[in-house]
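# Chain and residue survey
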Amino acid sequence: RRGRPRAADRPGRRWRRGHEADCADGRVLPPEDRELVRLVLQLLPERHRGILCLRYLEEMPVEEVARLLGVPPRSAARRQRRAERAFAMLYKAVG
C-alpha cells in the first residue's frame, strides 16, 4: 500500500491486536469490555464495521477513508456518524 504507513507501523498507536486497548483518556478497557466491543463490531453490517475499523482501528483521517471508499469526505463523515449510532445502539442492547 502506498502513502501513509499502516497504523500498526506508526509510533504511538494506541490499539494493537493482542494487546490491551487504551481509551482516549488513558484508561485501559477491562477484558470483558474489549470482548463486548469485538462482539458488537462483528454484529454490525459490513458497511458500518468497515468505516469504524478504518477510522478508529487503522486511525485513518476521514479524507483518506473517503478516497478508499470513492466518496466525498462529507459522505464518509456521514457514514461514520451512522455507523457510530448503530454501534451505540447495539452496544446498549448487547451490554
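A brief look at the structure comes next. (Residues numbered from 1 in each chain as written. Predicted model: local features only at pLDDT ≥ 70, side-chain atom pairs only at ≥ 80, totals over all residues. Heavy atoms only, no water.)

## So, the nonpolar core
Nonpolar side chains in soluble globular proteins generally cluster together in the buried interior. Going by this rule: As used in this record, nonpolar core signifies buried Ala, Val, Leu, Ile, Met, Phe, Trp, Tyr and Cys residues forming a set joined through side-chain atoms within 4.5 Å. Each residue is assigned to one of three classes by its accessible area relative to the maximum for its type, calculated with a 1.4 Å probe on protein chains only: buried under 20%, partly exposed between the two thresholds, exposed over 50%. Strands are runs of DSSP state E lasting at least 2 residues, helices are runs of H or I lasting at least 4, and numbering of each runs from the N terminus. Should any heavy atoms of two residues lie within 4.5 Å, those residues are considered in contact.
In this structure, Leu36, Val40, Leu41, Leu44, Ile51, Leu52, Leu54, Met60, Val65, Ala83, Ala86 and Phe87 together form the largest nonpolar core, which totals twelve residues. When contributions to this core are tallied by element, the ones reaching two or more residues are α1 (31–43), α2 (46–57) and α4 (73–94). Not counting chain neighbours up to four residues away, the residues in contact with Leu54 comprise Glu59, Met60, Val65 and Leu68. Core analysis: the second largest hydrophobic core is formed by five residues, Val62, Val71, Ala76 and Ala77 among them.

## Describing helix α3 (residues 62–69)
Restricting attention to buried positions, one finds in α3 the residues Val62, Glu64, Val65 and Ala66. Those residues of α3 that are buried lie in contact with α2 and α4. Positive backbone phi, approximately 70°, marks Gly70, located one or two places after α3.

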